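Below are the chains, spelled out letter by letter.
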Amino acid sequence: MHVPTNSNTPPSPLKLLKRMEAMFCWFAFVVMCWSSARAQGGLSSGFYSSTCPQAEATVRSTVETYFNRDPTIAAGLLRLHFHDCFVQGCDGSVLISGASAERAALPNQGLRGFEVIDDAKAKIEASCPGVVSCADILALAARDAVDLTGGRSWSVPTGRRDGRVSSSSDATTLPSPADSIAVQRQKFSDKGLDDHDLVTLVGAHTIGQTDCLFFRYRLYNFTATSNPDPSIDQDFLVQLQSMCPAKGDPSRRVALDPGSPTRFDVGFFKNVRDGKGVLESDQRLWGDPVTQKTVQNYAGTFRGLLGLRFDFEFAKAMVKMGGVGVKTGAQGEIRRVCSRFN
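All figures in this text were calculated on a predicted structure; none of them were measured in a lab.

### Observations regarding the confidence of the model for the protein chain
And then number 1: With 86% of its residues at a pLDDT of at least 70, the protein chain reaches an overall mean of 90.
And then number 2: In the model, residues 13-39 has pLDDT below 50 throughout and makes 27 contacts with residues more than four positions away in sequence or in other chains.

Here you go:
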């Protein structure tokens, strides 16, 4: 029997939340499309639509092939783009091989994904020689890596040209795992990125890994006290110590988001909130009132809109970072092979 409903009955809190989620998604989509359509420092969406229309699809299929073999490659590609943009700008300088090249610098020793970029470049060169830059392939691959791990996709403004300089000595501008908030803030500010961008982009650690070498000091001898970092949750400390013994293998890999290491979600921010940040630089985000507020917004179920807020803001921050120090027009070159200058 049909029971008439009272149209004046207020919706439940769950229904209200779902409506808010839907409205946020719609608004985010509209704003993102509008933002991406605008030029970003001389870049534009669909830059290769007439000169090499299959370029983006080729990058996507290449990334997907490698991802299906090894899902952890997604974090490698995302980190590769980040490290490229923080040294010499987003110009593919990190891809150059050589003893004195940027790629050989100590902070870049653990970088992965070069073979994915090289493969995509070779395929594109076969059909569109001398058209698509390695820097753009790197930016597109980072976007596809996020999408494949469950994050939001976005329109990548393209038109970058490849740089002609790659020096290991320039890598000092890269953020370090032991950086204080003040140092992190300065390094991001030097690239035109603010505190909100800092927290949002560090959220890429939701699918990252690191070596015991980069955080073991926190577990046993923090600030030369022979004691662990007091900001680490005690249960988590025991867990980390079992994975990284005091005299164990320093190259052992540990997930930066142990709960969901291959899923692009807000688990990383919840870990930081709960004292479970693996890197010192990550955990320090909770100790600063400005960065803490952003972490809390992303980690909270309601204010974070079940992760939708982070998805949208991360895409925006990636577009902003992707415009740092780009070379366009007659600047730089279009490399034929990504690992060497023409």
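### Topic: the pattern of salt bridges
And then number 1: Under the defined criterion, the tally for this structure stands at 21 salt bridges.
And then number 2: Between K327 and D91 there is a salt bridge, and its shortest N-O distance comes to 3.1 Å. You can see K327 sitting in the segment after α13 (308-321) and its partner D91 sitting in the loop between α3 (73-85) and α4 (114-127), a full 236 residues away along the chain.
And then number 3: On the basis of relative accessible area, K327 is assigned to the buried category, the value being 19%.
And then number 4: Judged by its relative accessible area of 0%, D91 falls in the buried class.
And then number 5: With a shortest N-O distance of 3.5 Å, E333 and R164 are connected by a salt bridge. Of this pair, E333 sits in the segment after α13 while R164 sits in the loop between α5 (134-148) and α6 (181-189), and the two are 169 residues apart along the sequence.
And then number 6: Its relative accessible area of 52% is what places R164 among the exposed residues.

### Description of the packing of aromatic side chains
And then number 1: Tallying each qualifying case throughout the model produces 13 aromatic pairs.
And then number 2: Seen from their ring centres, W154 and F314 are 6.3 Å apart, and the 75° between their planes marks the pair as edge-to-face. Remark: F314 occurs in helix α13 and W154 occurs in the loop between α5 and α6; sequence separation between them is 160 residues. Per residue, the accessibility class of W154 equals that of F314, and both read buried.
And then number 3: Ring pairs connect the aromatic residues W154, F264, F268, F269, Y298, F310 and F314, which therefore count as one cluster.

### Here we look at the side chain of R143
And then number 1: Relative to the elements of secondary structure, R143 occurs in helix α5.
And then number 2: Under the relative-accessibility criterion, R143 is labelled buried at 7%.
And then number 3: Within the structure, the side chain of R143 is placed 2.7 Å from the side chain of D144, a separation counted as a polar contact.
And then number 4: Setting aside residues no more than four positions away along its own chain, R143 makes contact with E56, S153, W154, S155 and V156.

### So, the UniProt feature "binding site: Ca(2+) 1" (unreviewed entry) in the protein chain
And then number 1: Under the feature "binding site: Ca(2+) 1" (unreviewed entry), the UniProt entry names D84, V87, G89, D91, S93 and E102. Their sequence span is 19 residues, while the largest C-alpha to C-alpha distance among them is just 12.1 Å; these annotated residues converge on one region.
And then number 2: Following the sequence through the fold, G89 ends up in the loop between α3 and α4.
And then number 3: For G89, a relative accessible area of 4% corresponds to the buried category.
And then number 4: Sequence-distant contacts of G89, that is, excluding residues within four places in its chain, are made with D84, V324 and G325.
And then number 5: Take S93: its relative accessible area is 0%, and that puts it in the buried class.
And then number 6: Every residue in contact with S93, bar those within four places of it in the chain, is listed here: D84, V87, Q88, E102, V165, S166 and R335.

### A word on the environment of V326
And then number 1: Here V326 lies in the segment after α13.
And then number 2: According to the relative accessible area criterion, V326 is buried, its value standing at 14%.
And then number 3: Each C-alpha atom, one on V326 and one on R161, is 7.3 Å from the other, the two residues being 165 residues apart in sequence.

What counts, and where the lines are drawn
Counting of residues starts from 1 at the beginning of each chain's written sequence and follows it residue by residue. With the structure being a predicted model, the display of local features is reserved for residues of pLDDT at least 70 and the display and counting of side-chain atom pairs for 80 or more, all residues being used for whole-chain, interface and lining totals. Side-chain descriptors were evaluated using all non-hydrogen atoms of the structure, hydrogens and water having been removed beforehand. The predictor's confidence in any single residue is recorded as pLDDT, a number from 0 to 100. Note on definitions: a residue-residue contact is assigned when non-hydrogen atoms from the two residues lie within 4.5 Å. Definition used for salt bridges: Asp or Glu carboxyl oxygen within 4 Å of a side-chain nitrogen of Lys or Arg. Counting from the N terminus, the helices are the DSSP runs of H or I reaching at least four residues and the strands are the DSSP runs of E reaching at least two. Using a 1.4 Å probe on the protein chains alone, a residue whose accessible area is under 20% of its type maximum counts as buried, one over 50% counts as exposed, and one in between counts as partly exposed. Aromatic rings from Phe, Tyr and Trp, taking only the six-membered ring of Trp, are treated as a pair when their centres fall within 6.5 Å; an angle between ring planes under 30 degrees marks them as stacked, one over 60 as edge-to-face, and anything in between as tilted. What qualifies as a polar contact is a pair of N or O atoms within 3.5 Å, subject to a donor-acceptor requirement within protein and to the restriction that residues adjacent in sequence count only when both atoms come from side chains. UniProt positions are given in the numbering used here, feature names are shortened, and annotations may be inferred rather than shown by experiment.

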